[in-house]
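Listed below, chain by chain, are the residues.
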Amino acid sequence: MEFTVIDYSIFALLLVLSSAIGLFYALSGDRQRTVQEFLLANRSMGFLPVALSLLATFQSAVAILGVPGEIYRFGTEYWFLGCSYFLGLLIPAHIFIPVFYRLRITSTYEYLELRFNKTVRVFGTITFIFQMVIYMGVVLYAPALALNAVTGFDLWSAVLTMGLVCTLYTTLGGLKAVIWTDVFQTLVMFAGQLAVIVVGARRMGGMACVWRLAERANKISGIDLDPNPFEQYTFWTLAVGGVFMMLSLYGVNQAQVQRYLSARSEREAKLSCYAVFPCQQIVLCLSCLTGLVMFVYDQEHPLVPTHRPRSSDQLVLYFVMDVLQDMPGLPGLFVACLFSGSLSTISSAFNSLATVTMEDLVRPHCPGLSESRATLFSKLLALGYGLLCLGMAYVSSMLGPVLQAAISIFGMVGGPLLGLFCLGMFFPCANPTGAIVGLLAGLAMAFWVGIGSLLHSTGAAGGAPPPNGTLLPAAGNLTTVLATTLLAPTPAPQSPTGLQRFYRLSYLWYSAHNSTTVILVGLLVSLLTGPTPAAAVDPRTIYPVLPRLFCCLPQKYRQKLCCGVGFPAQDANGVDATVKSNRVPNGLAPPGPGRQEEEEGQGYIRAAGAPAYALQETSF
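Residues numbered from 1 in each chain as written. Predicted model: local features only at pLDDT ≥ 70, side-chain atom pairs only at ≥ 80, totals over all residues. Heavy atoms only, no water.

J.: Would you take a moment to explain the confidence of the model for the protein chain for this structure?
T.: Here the protein chain shows a mean pLDDT of 78. Residues at 70 or above account for 79%. Within the model, the stretch residues 569-620 combines pLDDT values under 50 with 115 contacts to residues more than four positions away or in other chains. (pLDDT = per-residue confidence, 0-100. Contact = heavy atoms within 4.5 Å.)

Next comes the structure, spelled out in structure tokens:
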């Protein structure tokens, strides 16, 4: 079907309003004149916009297309992923947020230098940049390709328009513009998905009828308690493996941590984690209901012409176009919903990449950089990454069957980075050598299993996907989106044995498997090369998880679990009552008397070129 003028108008309105939000914040307040305002929104955001931004960041267009397709193929078993959201958000709220927020850092990887050393920080930063650069072009190109295949919507017009608009409001308005456009785009995503469900269910006789017909077709799944990690979807895979996947996103990912740090207080940051929980459940429900309605509708009105390939992402668009074809404006609303997912994800990538590049790579090597020049460089970095995104979208169009492998790289990196932060935060004995070797071992394990799985499944399917195929994954968030592509829906004709069995590991266990590898290898190497002395560990970079897990043990044994690190007393608000000012962790140079500058509103003193080392706490 062809888009009407109303449909194009709704799509254009999304782009105009997103740009207007960026221009508003570029011309209001302090007009993005400081690094803190541009990268952290002056630490002034409330919990609700932060929560909606957290939600939008990893609710990409690929997920909007993918989850309904997953429900269409496998039934509602995927719905149990919602069980992982509770711990997946509770743990960041009570472990990661307090540590990051009280250190008053800007980049997540500043923590790695405070805990280990500069080398570990650089390793973490480069890994993250590699991860996001590969991904952001794909998330821009792939949904546009799917939309073009089904509706005839001009491919490169969509890619260029989205990329340039996103670059514009991210560069001009900074993080505050990104967060408020995320809020607006989240509402558009809700509206688009809800419209499809309501209209589709109404045409099939109501949601009760849809549920009944889906149940007859065995698409309503019960609880599968099979503990086999090689089964793609079981309760334990979704509820336990999903927790690690959530932690890699909401615990240590720069795009999310940056939003926590933009909150006006630690309490607001924690509340944003609590608030995103029901929002995640709503998004999951909307996606799953869309899949059920699509399946039932397809039984009565076959969606895909016989001469077209039955690809799950295209199937969703065929369904939407068929259901909404008699309602001018609603197809445009769904397209706006789809591209809202892309805009929110890409803008978060631009801003987080500009942040880590500025804080981790530029500032340490330019200690005399003035505030105004640093702000200008941050804006230029955001602009540069925006243009790079367009270039990566073009590269994605040239990859053909390699596109699936490029998407998969993102899912392989999240687990090792989670393991690196857990190693530093939970195990005081871990040293820098153990951290680096552990990270490299985790990445090697991730790429071995991931690439092996991709090649194994491609061989089992009888060949690679077509060069211009849009075989996109079905997923609930960013890591899921990318890891899912490693498993083709066509099973191998024979059960693999030996090491090849690892290639059948469910993608939901990837984060758990790879992060555990980092921790075990990191601890082993640390013990072999000499643990970090307790006197060299800053207590504020450690969360005493082992003493709290084994709280029933006698006090002397719990103290041994702390590896000799003494934790400062905390007041009623959870803020350190003692201020660590005499000892410097891991050999970091103390701020020089002639090169100190206190960053306004941040509550700590930063030495030019040194990491953000908190010398005085801020009480909330």
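J.: Explanation requested: helix α19 (residues 510-529) in the structure shown.
T.: Note: α-helices contain 3.6 residues per turn, so residues at a spacing of three or four share the same orientation. End to end, α19 covers 28 Å across 20 residues, agreeing with the expected 28 Å (1.5 Å per residue, within 8%). For α19, the complete set of buried residues consists of Y510, S511, A512, N514, S515, T517, V518, I519, G522, L523, V525 and S526. Looking at the residues trailing α19, positive phi occurs at G530, about 105°. (Helix = DSSP H or I, 4+ residues; strand = E, 2+ residues; numbered from the N terminus. Expected span 1.5 Å × (residues − 1). Buried < 20%, exposed > 50% of the residue type's maximum accessible area, 1.4 Å probe, protein only.)

J.: Could you clarify how one ought to interpret the packing of aromatic side chains in this entry?
T.: Aromatic ring pairs are reported here in terms of the distance separating the ring centres and the angle at which the planes meet. Summed over all chains, the structure comprises 20 aromatic pairs. For the ring pair F80 and F235, a centre distance of 6.1 Å and an interplane angle of 75° mean the geometry is edge-to-face. Of this pair, F80 sits in the loop between α4 (61-74) and α5 (84-103) while F235 sits in helix α10 (residues 235-250), placing them 155 residues apart in sequence. Of the two residues examined, F80 and F235, each falls in the buried class. The rings of F96, F100, Y109, Y111, F128, F421 and F426 are connected pair by pair, giving a single aromatic cluster. (Phe/Tyr/Trp six-rings, centres within 6.5 Å; stacked < 30°, edge-to-face > 60°.)

J.: Could you clarify how one ought to interpret the packing of helix α1 (residues 5-27) against helix α14 (residues 330-362) in this entry?
T.: In a pair of packed helices, the angle between the axes and the distance between the axes together describe the arrangement. Running from N to C, α1 and α14 point in directions that differ by 30°, and their axes come no closer than 7 Å. Relative to α14, the element α1 is oriented roughly parallel. Once α1 is placed against α14, the crossing between them reads as right-handed. Side by side, α1 and α14 meet where D7, I10, F11, L14, L15 and S18 of the first sit next to L330, P331, G332, L333, V335, A336, F339, S340 and L343 of the second. Considered class by class, the residues forming the contact of α1 with α14 number 11 nonpolar, 3 polar and 1 charged. (Axes fitted to C-alpha atoms, helices over the stretch in contact; angles between N-to-C directions. Parallel < 35°, antiparallel > 145°, perpendicular 65-115°, else oblique. Left-handed = near helix turned anticlockwise from the far one by under 90°. Nonpolar A, V, L, I, M, F, W, Y, C, P; charged D, E, K, R; others polar.)

J.: When you look at the packing of helix α3 (residues 47-57) against helix α12 (residues 266-300) in this model, what are you seeing that I'm missing?
T.: Look at α3 against α12: their axes get within 8 Å of each other, and the N-to-C directions meet at 45°. If you check the angle between α3 and α12, you find them oblique. By crossing handedness, the relation of α3 to α12 is classed as right-handed. For the pair formed by α3 and α12, the contact residues are F47, V50, A51, L52, L54 and L55 on the first element and E268, L271, S272, A275, V276, C279, Q280 and V283 on the second. Looking at the contact of α3 with α12, its residues break down into 11 nonpolar, 2 polar and 1 charged.

J.: Can you walk me through unusual backbone geometry in this structure?
T.: Of all residues except glycine, most have a negative phi; of all peptide bonds, most are trans. One non-glycine residue with positive phi stands out, namely A41, at about 55°. The backbone phi angle of N218 is positive, close to 65°, even though this residue is not glycine. Note on placement: N218 falls in the loop between α9 (207-216) and α10. On the accessibility criterion, N218 (66% relative accessible area) is exposed.

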